Amino acid sequence: MRGLQVVEHACSITSLQLGETLPSVTKDMDIYSFRVPLGVTAGITPFNFPAMIPLWMFPLACVCGNTSVIKPSERDPGATMKLVELAIEAGFPPGVVNVIHGQHDAVNFICDAPAIKAISFVGSDVAGKYIYERGSKNGKRVQSNMGAKNHGVIMPDANKENSLNQLVGAAFGAAGQRCMALSTAVFVGDSKDWIPDLVGRAQKLKVSAGTEPGADLGPLISPAAKQRVCDLVQSGVDEGANLVLDGRGVKVPGYEKGNFVGPTILTDVQPHMKCYTEEIFGPVLVILTVDTLDEAIQVINSNPYGNGTAIFTTNGATARRFTNEIDVGQVGVNVPIPVPLPMFSFTGSRGSFLGDANFYGKAGVNFYTQLKTVTSQWRAEDVSHQKAATAMPVMK
């Protein structure tokens, strides 16, 4: 749905791409600027949202006048292929949207090809930093959305039922395999007394194949991903965290060999622990407890990532202070996954983003275009007289 909303917003390009004009800056002289396409652009997409993320990229790139090359994840390329088929069916001219498949060689081709002027990437830290550095060295624009460690702050005055339900959904939905998962909870003051109720809600979630009715979370993407998640959970236990809910041994009837991990919760986590410093990318919620809002803000601002955060409170002054003092690009107030609608931009920051123009919205238009400014002088005495025209000007 969010991908389609980006497409709908891209249809507003006639107003999104308006330029600026300053007439008569001096006698008979005008200055105006407008945006022109870059040429060939490229997008490299992750496995976890195989339909949504390509729709963040090629529709906006193309309506801005560019062509697009998409490299989908080798783990699930089918969604991108279907989207491109639909684009061609909708009337995209041949060669405007293109798909290449592969892994490292395909990425290096995109980073090195002189014809490609801009690269959009969503994925892991390692790949994102590599693509940003290699693409930038070759003179390309790069926007790189990478890892995250998103914190949810639960204040004692929050609506308990709503906050816990929101937290469970944001932590364990999509099996935690999303860069905006609320993977870290910071309970402030007496709100820590709600942790047992949180565990109870998480225990009720149904783990099964995504195609099964009633499934709340499905499998991880691969055996290697499952092993990594289990290892990070164990590292938390080894470093002193309390494993109050262990989903590593979950068995799903009919899918015994599946890459399933059930909802898992670690409490008494400290900022130096590996389970906190690394993005787990699985259905694991790590919990820290602090005494004050000041401590919660300090914890979040000390973390290198800046993708998203949320606060749960019924106090407007508390929410206002949090939004003003927190150093994170996307903030939710009683909203656990604050992904902006497409008329705004996806504004992850700090260690979660490399580049200077974010995805979609106005920033996306800026990324896929180049400003051109024209200064013109037409002297009044050079006016030539001609027969008057009566036809209205029209767009062609």
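Because the structure is a prediction, the values reported are computed rather than measured. As a convention, each chain's residues are numbered from 1 in the sequence order in which they are written. Local features in a predicted model are, by the rule used here, given only for residues with pLDDT of at least 70; side-chain atom pairs are given and counted only at 80 or more, and totals for whole chains, interfaces and linings are based on all residues. As a convention, hydrogens and water are excluded, and side-chain values are obtained from all of the structure's heavy atoms.

**Considerations on unusual backbone geometry**
The phi angle at Ala174 is positive, at roughly 55°, despite the residue not being glycine. Put simply, DSSP marks the helices as runs of H or I at least four residues long and the strands as runs of E at least two long, and each gets a number from the N terminus on. Mapped onto the elements of the fold, Ala174 is located in the loop between helix 7 (160-172) and strand 9 (184-188). Ala174 gets classed as partly exposed once you look at its relative accessible area, which sits at 39%. At Arg350, a residue that is not glycine, the phi angle is positive and equals roughly 50°. You can see Arg350 is positioned in strand 16 (residues 349-350). The class for Arg350 is partly exposed, based on a relative accessible area of 26%. Under the scheme applied here, a residue whose accessible area is under 20% of the maximum for its type counts as buried, over 50% as exposed, and between as partly exposed, the area being computed with a 1.4 Å probe on protein chains only.

**A short note on the nonpolar core**
Core analysis: the biggest nonpolar cluster contains 36 residues, and Val153, Val269 and Phe322 have the highest contact counts within it. Residue assignment for this core shows that the elements contributing at least two residues are strand 9, helix 9 (223-238), helix 10 (274-277), strand 12 (284-290) and helix 11 (293-302). The criterion used for residue contact is that any of the two residues' heavy atoms lie within 4.5 Å. Not counting the four nearest positions on each side in its chain, Phe322 is found in contact with Val153, Leu293, Ile297, Ile300, Thr309, Ala310, Ile311 and Val331. To qualify as a nonpolar core, a set must consist of buried Ala, Val, Leu, Ile, Met, Phe, Trp, Tyr and Cys residues joined through side-chain atoms within 4.5 Å.

**Thoughts on the packing of aromatic side chains**
Pairing of aromatic side chains requires ring centres within 6.5 Å, counting the rings of Phe and Tyr and the six-membered ring of Trp. Pairs whose planes differ by under 30 degrees are stacked, by over 60 edge-to-face, and all others tilted. Tallied over the full model, the rule gives 8 aromatic pairs. With a centroid separation of 5.0 Å and an interplanar angle of 45°, the aromatic rings of Trp56 and Phe346 are classed as tilted. On the criterion of sequence distance, the pair formed by Trp56 in helix 3 (residues 52-63) and Phe346 in the loop between strand 15 (331-333) and strand 16 is long-range, its members being 290 residues apart. The exposure class assigned to Trp56 is buried, which follows from its relative accessible area of 3%.

**Concerning the sheet that holds strand 1 (residues 20-26)**
Whether two strands pair depends on DSSP finding at least two bridges between them. Ordered in space as 1-2-18, the 3 strands form an open sheet in which the pairing is antiparallel. At either end of the open sheet lies a strand with only one pairing partner, and these are strand 1 and strand 18 (369-377). Looking at each pair of strands side by side, their axes are set apart by 20° on average, direction ignored. Of the pairings in the sheet, the one linking strand 1 to strand 2 (residues 29-37) comprises 4 bridges and is antiparallel in character. Bridged to Leu22 within strand 2 is Ile31. Only the stretch in contact is used when a helix axis is fitted, and all axes are lines through C-alpha atoms; the angle between N-to-C directions ranges over 0 to 180 degrees.

**Details of the side chain of Lys149**
Checked against the element boundaries, Lys149 lands in the loop between strand 7 (141-145) and strand 8 (151-154). Under this rule, positive means Lys or Arg and negative means Asp or Glu; His and the chain ends count for nothing. Within this document, salt bridges are pairs made up of a side-chain nitrogen of Lys or Arg and a carboxyl oxygen of Asp or Glu, the two lying within 4 Å of each other. This buried residue, Lys149, is left without a salt bridge; Glu279 holds the nearest opposite charge, at 7.9 Å. For Lys149, the side chain forms a polar contact with the main-chain oxygen of Cys275, separated by 3.0 Å. Under the rule applied, a polar contact is a pair of N or O atoms within 3.5 Å (in protein, one hydrogen donor and one hydrogen acceptor; residues adjacent in sequence only if both atoms are side-chain atoms). Reaching out from Lys149, the side chain makes a polar contact with the backbone oxygen of Glu278 at a distance of 2.7 Å. In this structure, Lys149 is in contact with Ser183, Thr184, Cys275, Tyr276, Glu278, Glu279, Ile280, Val286, Asn303 and Tyr305, ignoring residues within four places of it in sequence.

**Some points on the state of the cysteines**
Put simply, a disulfide is two cysteine sulfurs that come within 2.5 Å. Under the definition given, this model contains 0 disulfides. Cys64 forms no disulfide, and the closest cysteine sulfur to it belongs to Cys62, at a distance of 9.3 Å. Unpaired in this structure, Cys179 has its nearest cysteine sulfur neighbour in Cys111, at a distance of 20 Å.

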